Amino acid sequence: MSANDPFARLPEAASFTVTSTTATDGATWPPEQFSSGVPGGKDISPQLSWSGAPDGTQSYAVTVYDPDAPTGSGFWHWAVADIPATVTELPEGAGDDIGSGLPDGAFQLPNDARAARFIGAAPPAGHGPHRYFTVVHALDVASIGVPADATPAVLGFTMAGHVLGRAVLTTTAETPA
């Protein structure tokens, strides 16, 4: 696990709360949130609920990022944009191939595997534990204005000046050697 802090160079933002019935902050991802390429993995996005977003929130984005991937740039597992401000929960499995659990207007961007869906954890065998930052970003615009084929990095760059708050749930995963 590296010391890479994915928020270190971003503008500060207020904190609010995100919880999950399928993942626990500080714990290991359950098997369902591992990649289908890992024994027992199912590529199922976690259930998420959030509360306490800052006043002025007009929409949300959700991202799942592994800064410990041996790429030099981490690995984006999921990115969802334009979640309406009236929505404060995503069901488990919302990040399937068609985004069946996403609210109207929200859309998934291609992850680093180039699939517009959630892809589960799959750290290289023997690489040690990886951290997975599941973040709900509270934004001051109703639509962030990125195209559906944009990368999560472009989403992050575009959001940087619009983030009012961040709710962070951190999990870990490791694939034994």
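Located above this text is the structure these notes cover.
For clarity, every value in this text was computed on a predicted model and none was experimentally measured. (Residues numbered from 1 in each chain as written. Predicted model: local features only at pLDDT ≥ 70, side-chain atom pairs only at ≥ 80, totals over all residues. Heavy atoms only, no water.)

A. Examining the sheet that holds strand β2 (residues 17-19) more closely. Read across the open sheet, the three strands follow the order β2-β3-β6; overall the sheet is antiparallel. Each having just a single partner strand, β2 and β6 (89-90) make up the two edges of the open sheet. By the bridge criterion, two bridges tie strand β3 (residues 48-51) to β6 in an arrangement that is antiparallel. Residue pairing across strands places Leu48 opposite Leu90, the latter belonging to β6. (Pairing = 2+ DSSP bridges. Helix = DSSP H or I, 4+ residues; strand = E, 2+ residues; numbered from the N terminus.)

B. Quick peek at the environment of Thr22. In this structure, Thr22 sits in the loop between β2 and β3. Sequence spacing of Thr22 and Thr71 is 49 residues, and the spatial spacing of their C-alpha atoms is 28 Å. With residues near it in sequence (within four places) discarded, Thr22 still touches Pro30, Gln33, Pro46, Gln47 and Glu92. Only 3.0 Å separates the side chain of Thr22 from the backbone nitrogen of Gln47, close enough to count as a polar contact. (Contact = heavy atoms within 4.5 Å. Polar contact = N/O pair within 3.5 Å; in protein donor to acceptor, adjacent residues only side chain to side chain.)

C. Up close: helix α1 (residues 152-159). Buried residues of α1: Pro152, Leu155 and Met159, and no others. Looking down the long axis of α1, one finds its buried residues gathered within 55° of arc, a one-sided arrangement. In this structure, the buried residues of α1 make contact with β4 (59-66), β5 (75-84), β8 (130-139) and β9 (163-173). (Buried < 20%, exposed > 50% of the residue type's maximum accessible area, 1.4 Å probe, protein only. Arc of directions from axis to C-beta.)

D. Expanded view of the nonpolar core. Counting residues in hydrophobic clusters, the biggest one holds 27 residues, and the most contacted among them are Trp29, Trp50, Val62, Trp78, Ile83, Leu90 and Val136. Listed by contribution, the elements that provide at least two residues to this core are β3, β4, β5, β8 and β9. Those residues in contact with Trp50 that sit more than four places away from it in its chain are Phe16, Thr17, Val18, Tyr60, Ile83, Val87, Thr88, Glu89, Leu90 and Val136. Membership of the second largest hydrophobic core comes to 12 residues, among which are Ala79, Phe107, Leu139 and Val146. (Core = buried A, V, L, I, M, F, W, Y, C linked by side-chain atoms within 4.5 Å.)

E. Broad picture of the side chain of Asp68. Along the chain, Asp68 falls in the loop between β4 and β5. Owing to a relative accessible area of 6%, Asp68 belongs among the buried residues under this scheme. A polar contact is formed between the side chain of Asp68 and the backbone nitrogen of Arg131, at a distance of 2.7 Å.

F. Here's a closer look at the sheet that holds β4. The strand order across the open sheet built from six strands is β1-β9-β8-β4-β5-β7, with neighbouring strands paired in mixed fashion. Only two strands of the sheet have a single partner each, and these edge strands are β1 (14-15) and β7 (107-108). The pairing of β1 with β9 spans two bridges and is parallel. In the sheet register, Ser15 faces β9, and the bridge partner there is Arg166.

G. Examining the pattern of salt bridges more closely. Tallying each qualifying case throughout the model produces two salt bridges. Across the pair Asp97 and Arg117 runs a salt bridge whose closest N-O atoms are separated by 2.6 Å. Placement of the pair is Asp97 in the loop between β6 and β7 and Arg117 in the loop between β7 and β8, with a sequence separation of 20 residues. Exposure remark for Arg117: the relative accessible area of 16% places this residue in the buried category. (Salt bridge = Lys/Arg side-chain N within 4 Å of Asp/Glu carboxyl O.)

H. Spotlight on the packing of aromatic side chains. According to the stated counting rule, one finds seven aromatic pairs in the structure shown. On the basis of an interplanar angle of 45° and a centroid distance of 6.4 Å, the ring pair of Phe16 and Tyr60 is categorised as tilted. A residue pair is termed long-range when its members are at least 10 positions apart, and Phe16 in the loop between β1 and β2 and Tyr60 in strand β4 qualify at 44 residues. Accessibility expressed as a relative area gives 8% for Phe16, which makes it buried. Ring geometry for Tyr65 against Trp76: centres 4.4 Å apart, planes inclined by 40°, an arrangement best described as tilted. One end of the pair, Tyr65, is in strand β4; the other, Trp76, is in strand β5, and 11 residues separate them in sequence. (Phe/Tyr/Trp six-rings, centres within 6.5 Å; stacked < 30°, edge-to-face > 60°.)

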